[in-house]
Amino acid sequence: MTRLRLELLQWFGLFGGGLAWATQHVVGFGISDSGCRAAGRQWDLPVSTLQVLLGVVAGAIAIAAWTAAFVAFRETHAVDNDAPGPAGRIHFFAQAALLGNVLFLVIIVLDAVSTVVELPCRQS
Amino acid sequence: MTAATLPVRHARAKGWWGMAVFVATEATLFGTLVGTYIYLRFHNTHWPPARLPKPPVLTPSLLTAALVATSIPMFVASRAVGAGRREVAWRALTVAFAVQVFYLVWQLHDYVDAIHRYPPQESAWASVYVTLLGAAHAHVLVGVLLNAWFLVRIWSRLTRYRAVGVQATAFYWHAVNVITLVVLVVQLSPHL
Amino acid sequence: MAVAAPSRERARIEALERAWLERPGALGWLTTVDHKRIGLLYFWTTLVFFAAGGIEALLMRTQLAQSGERVIGPETYDQLMTMHGVTMIFFFIIPMTTGAFGNYLVPLMIGARDMAFPRLNALSYWLFLGAGIFMYSSFLVHQAPNAGWFDYVPLALRRYDGGANVDFYALGLIFNTVSSTIGALNLIVTIFKLRAPGMSWNRMPLFCFAMLAASLSLIFALPALTADCIFLELQRKLGFHFFDQAHGGDPLLWQHLFWIFGHPEVYIIVLPAFGIATSIIPTFARHRMVAFPLVAMAELLVAFIGFGVWAHHMFATGIATTTLVFFAAASMLVVIPSTIQIYAWLMTVNVGTPQFRAPLMFIGGFILFFVIGGLSGIMFAAIPFDQATTDTYFVVAHFHFIIFGAAVFPLLGGIYYWFPKVTGRMYDERLAQLSFWLTFVGTGLTFFPMHIVGLLGMTRRIYTYDHGLGWDAYNLVETIGGFVLAAGLLLIGINIVLSYRRGVPSGRDPFHGGTLEWTTTSPPPHYNFAVIPTVSSPYPNWDEADREEDLRKLARGELVLADGHETPETTVNDGAISAVAEMPPESPWPVLAAGTVTAAFFLLLTSHYATAGMAFALMLLTLVGWNLHEPEEGVG
Amino acid sequence: MTPRLRQAWILLGLGTLLAGCGGNQNTVAPASHPERSVADVFWVMLGVSCVGFGVIVTLLFLGWARRDRPSLPGGGGERAATRVVIGLGVALPIVLLVSLFIWSDLFVLRSVAAPTGRTPMTVRVTGHQWWWEVRYPGSGVVTANEIHIPVETKVTALVTTDDVIHSFWVPELNRKVDMIPGVTNRLLLLADKPGVFRGQCAEFCGLQHAHMSVEVIAEPRPMFDAWLARNAKPAPRTNALFTRNCSGCHQIRGTSAKADVGPDLTHFASRRSIAALTLPNTPANLRDWLRDPQHVKPGNRMPDLPLKQPQWVALQRYLESLR
């Protein structure tokens, strides 16, 4: 495993899940908001199918990020936590990404699942 | 082992990183302004209001194209100061500076005209439009002042400190050009 | 360093002292760029604002002690309530954590001789002082901000709030945001570029991870507040239309923009406190922080997810319920990083051999109150319950447990913990423990009844309430608690001031701490480290081998960097030396630049736009003077 | 959430502290189906929170009890501690939070915020700086600071505001909803039992935000119909003094006073309070209020009128005749 691939795996692992959730958060908000607004309603987007699709894509990216972090973690397993330079840092961020991506995956799943329940547009 | 003989690995100077973080704040500020434009767009049926003339297309596009083109001489200047070639850097900066001043003067003239054509006191669209353009021009003005400063400084002597300054200014200009492009798209969005 | 160093070392140390000589007296403090002096300036100034905020709180509590009281009228109460919020958040807790603790400790903990941009650091302090004076000058004309700390429109528009109150608020916050952004930028670049050689990310202390997360949040959150306040000022002074429905604006735009800044702000408040807690616990448990990478990631995660939860402040505004669920999901899961840290702290205490001295007692109090505040915080992620209890005293109880319990308690513990390092003297342990118990009981008495009175229907920001609603008893207990709390804080102040002179000398490392600041003398010399320290773990002070290596390096003269204000620059990821940066010496320009900006903001307030423009032009002139001084020929 | 389980929580001790006492703005003493679901959500969250808090206190006490003695009982080292952090700090909370989210944010929210659609009755509430204007569409009834509703009937409150943002909140009937200029929000008002349910403006709206309370009076259908009919009738007679001094702000249907700056006073005497529940509606309070409204409610829009003693008495008698 060349050092460049390890670096790529580690940085994708660290940032992949977060960006996937952030995108799903903003785009999902836009979709469901347009479903409830006059200006948006004339596009009549199939809100729930789009949300679930968005959730699946974002979830896939988060799982890919988790796997990348796991591979980087395995590759640097022999390295001690306080090891110097790239190896120690990659091992460190890989462990961190394992936790982060789990969290992002759960939020992504909850966002996608929430469209299953038919919630009203207007608070009452 | 004195400072001169330390094992040195090439990396970005702290001045460049300072500019990078500053650019992040300004980009977030423009993200907020553009977000406000889009947010209010979905809160109004007529955006911009029907009675207002549509924003101009040709002049802003050409001017923005000219400004974005200045990224090339700025890149050349940044590369030249890195390699210690002072004259090349100075000439590249002068070219960029000229185009930028030309852009700024023309845009400020159009801006004063825009404030009369789209009075912000009468509609939210005009308020956001005028504020967004004003912020963009302000950042171009800051870039012009930075360029002027380094034109004067590297005319006499090129030190590492000033080289980092020119590289940071070049990075600032790349960012401002991207922001100006985004502002242009938002400005022309009523035509889309 | 070693006292009886042979002549070669003594010569090198004297060379360093000559290079980093500081100008004594008041002029020295006015033109200082040393991160430790700026930290102390921040510390004493924020304590003054803390006292002001505390007095405002006590006045409010006196008015609310019983139903139907007429101690304070509605106008004064609104100004006190708003200024209490603005002062405590913008002029005490953020400048104290990032300005005082961040400035003083981050360079010491990463083995650097100063912040990345020393003069910018001084500018951030003087701008902060200017903004504080600007905001508090509103009391002189009896027009302090009076529309609440989040200042909702249309109440904040000129039609309903004609005076200069809201102008003081908006311009004051724009002013203070400039200072906070500069401070955060400085901290980020310092942590990125000035770590000691060898200190890759996995060897950086957790305090610096917390400060990095808080600074990154500041950088990406403050622009939303700046844009919001600019819109408000344009609408109030020049008649623009952003927030009024009739012309196409939307009142909820203000709330969206404010809370996009607002929620990351509350994580900015609490993150440095996590950093202080993760510094105190390993020292007094005499054991490394358990699950170190998870705690570091948790601090960054809190900041990142914090940007996606803002609309849980707006669950009752009637925006589409389908969109609220996105924010509820993120608000629910933002708790996980905090639970990780709580269990990591508790397991570290249990795995090590804990010494419950004053700093660790404050951390114990912090953990208890933070869990109560966190649990009530989770309850607001349940939309039905939030719509029932938002804008009531249940919310007030929640955020006071978080801000006071979870941000100020570690700060008070941190004051005791680093007091020996900053002053060279020990605080009085018995008095400290007494002050802890008084503050602990005061906080509990003041804020816990607010949960109950909030559920009984008491809404926020009311200057009085009727008799028959059953709120009298709880409010009376809260007022008594408020004065007990004030007494506890006063006792801490007394302990600090007394020990400053009469404390027992504490030596270099009284608590055997793990981070680099305990390797320097107390108080540290202006240049911090005679030799840039060798680092091979996040707890360098516990690595004896490295410390001997430092002594040998001093003998060899390696990495002493004694000719001028020098400190090494390293690469961002793995801390390999990339250059030797020449740091500027003292400079009068920051305080002059801040003066012109303060004048400009006062002119903007009084609508003298042209003169304000001239003041900003004057500021540009000071920047020219500032940049005329450049370091000599640097290396690399 | 069976009643039996809820009684168990209440007997938990903390419960009696809350549900039992307190005036009638008690969020956890519900008088309607939506508010009961909210109270259930609270009780479950409180219960689980107490258990969680107990675990934390135990761990902290364990650390304190073992001060100055080395390492974890049972010799578990750092590896065991990391597993505890992951188990208790990540896995368990995720399970609890996801289930709380699905239960409260999806199912309870859907049942509580169900689309009201056509309800048998609607009432239009408009917020003003520091009082509530209440109109009954179709019947021409206009009143202030009091909302009469038939008991056990779904009523939709259409809320908006003429000036700043207020928030309509009657704790025992339903959650709150903000009153935003240019927007009409909706809230279901459904009382299970007759009674007077007090509420308060929940969004800071200026000087007298504290004295902007409202009462929802749920009464059996016949009593409500009688009240509605009586309030639909215009005032029997006018009064020159009132027209000269007060018609600039107030309206009395059937007279020339038509302004809507202040509340409609056509049936003022039948109301239970003065100035949005600042004072109970008694002759003595009415006298104090008329003579010096700024003292009673500082900063409100009603000026102190320069009248003499006999005029005050005449004006008060006229107002008290507006049954």
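To be clear, the structure that these remarks concern was listed above.
Residues numbered from 1 in each chain as written. Chains lettered and ligands numbered in written order. Predicted model: local features only at pLDDT ≥ 70, side-chain atom pairs only at ≥ 80, totals over all residues. Heavy atoms only, no water.

A. Inspection of the overall build of chain C at higher detail. Summing up its helical and strand segments, chain C has 19 helices and two strands in all. Since a compact globule built from 636 residues should have a radius of gyration of about 26 Å, the 25 Å found for chain C is in line with a globular shape. Principal-axis analysis of the C-alpha atoms gives chain C an extent of 80 × 60 × 50 Å. Looking at the 636 residues of chain C, the share that counts as buried comes to 72%. Long-range pairs, those at least 24 residues apart, make up 80% of the contacts in chain C with a sequence separation of at least 6. (Helix = DSSP H or I, 4+ residues; strand = E, 2+ residues; numbered from the N terminus. Rg over C-alpha atoms; globule rule 2.2 N^0.38 Å. Buried < 20%, exposed > 50% of the residue type's maximum accessible area, 1.4 Å probe, protein only. Contact = heavy atoms within 4.5 Å.)

B. Examining a nonpolar patch on the surface more closely. Residue and element names in this part refer to chain C. A cluster of nonpolar side chains, namely Val441, Leu445, Leu476, Val477 and Ile480, defines an oily patch on the protein surface of about 360 Å² accessible area. Elements represented by at least two residues in the nonpolar patch include exactly helix H15 (429-455) and helix H16 (472-502). Among the elements that take part in the nonpolar patch, H16 stands out by supplying three residues, more than any other. Looking at where Val477 falls in the secondary structure, it is placed in helix H16. (Patch = residues over 30% accessible without salt bridge, like charges linked within 9 Å, V, L, I, M, F, W, Y side chains within 5 Å. Areas by Shrake-Rupley, 256 points an atom, 1.4 Å probe, with all protein chains shown as cover. Salt bridge = Lys/Arg side-chain N within 4 Å of Asp/Glu carboxyl O.)

C. Quick peek at the pairing of strand E2 (residues 131-136) of chain D. All names here are of chain D. Among the six residues of E2, five are classified as buried, and the element is accordingly described as predominantly covered. Sheet analysis places strand E1 (residues 121-128) next to E2, joined by five bridges and oriented antiparallel. Its bridge partner being in E2, His128 is matched across the sheet by Trp131. Taken together, E1 and the strand that follows it, E2, pair antiparallel across an intervening segment of two residues, in which Trp130 is found at a positive phi of about 95°. Sheet topology note: the E2/strand E3 (residues 141-144) ladder contains four bridges and is antiparallel. The residue bridging Tyr136 from the neighbouring strand is Val141, located in E3. Between E2 and E3, which pair antiparallel in sequence order, lie four residues; one of them, Gly138, sits at a positive phi of approximately 90°. (Pairing = 2+ DSSP bridges.)

D. Up close: the interface of chain A and chain C. Taken residue by residue, the interface counts 40 residues in chain A and 39 residues in chain C. Across the chain A/chain C interface, buried area totals approximately 3,300 Å², and carbon plus sulfur atoms make up 73% of it. Among the residues chain A hides against chain C, the three largest losses belong to Asp82, Phe92 and Gln123 of chain A. Together they make up 20% of the total. At the junction of chain A with chain C, the criterion picks out two salt bridges. Two residues, Arg288 of chain C and Asp82 of chain A, come together in a salt bridge whose shortest N-O distance is 2.6 Å. At the junction of chain A with chain C, the criterion picks out nine residue pairs in polar contact (both at pLDDT 80 or more). Elements with a minimum of two residues in the side of chain A that touches chain C: helix H1 (3-35) and helix H4 (85-113) of chain A. (Buried area = accessible area lost by both parts, 1.4 Å probe. Polar contact = N/O pair within 3.5 Å; in protein donor to acceptor, adjacent residues only side chain to side chain.)

E. Main features of the sheet that holds strand E5 (residues 155-161) of chain D. All names here are of chain D. Ordered by their spatial adjacency, five strands build an open sheet running E3-E2-E1-E5-E8, and the pairing between neighbours is mixed. If you trace the sheet from one side to the other, it starts and ends with E3 and strand E8 (185-189), each paired once. Neighbour-to-neighbour, the strand axes of this sheet turn through a mean angle of 25°, independent of strand direction. Those strands touched by helix H5 (residues 221-232) are E1, E2 and E3, and its axis lies near 100° from that of E3. (Axes fitted to C-alpha atoms, helices over the stretch in contact; angles between N-to-C directions.)

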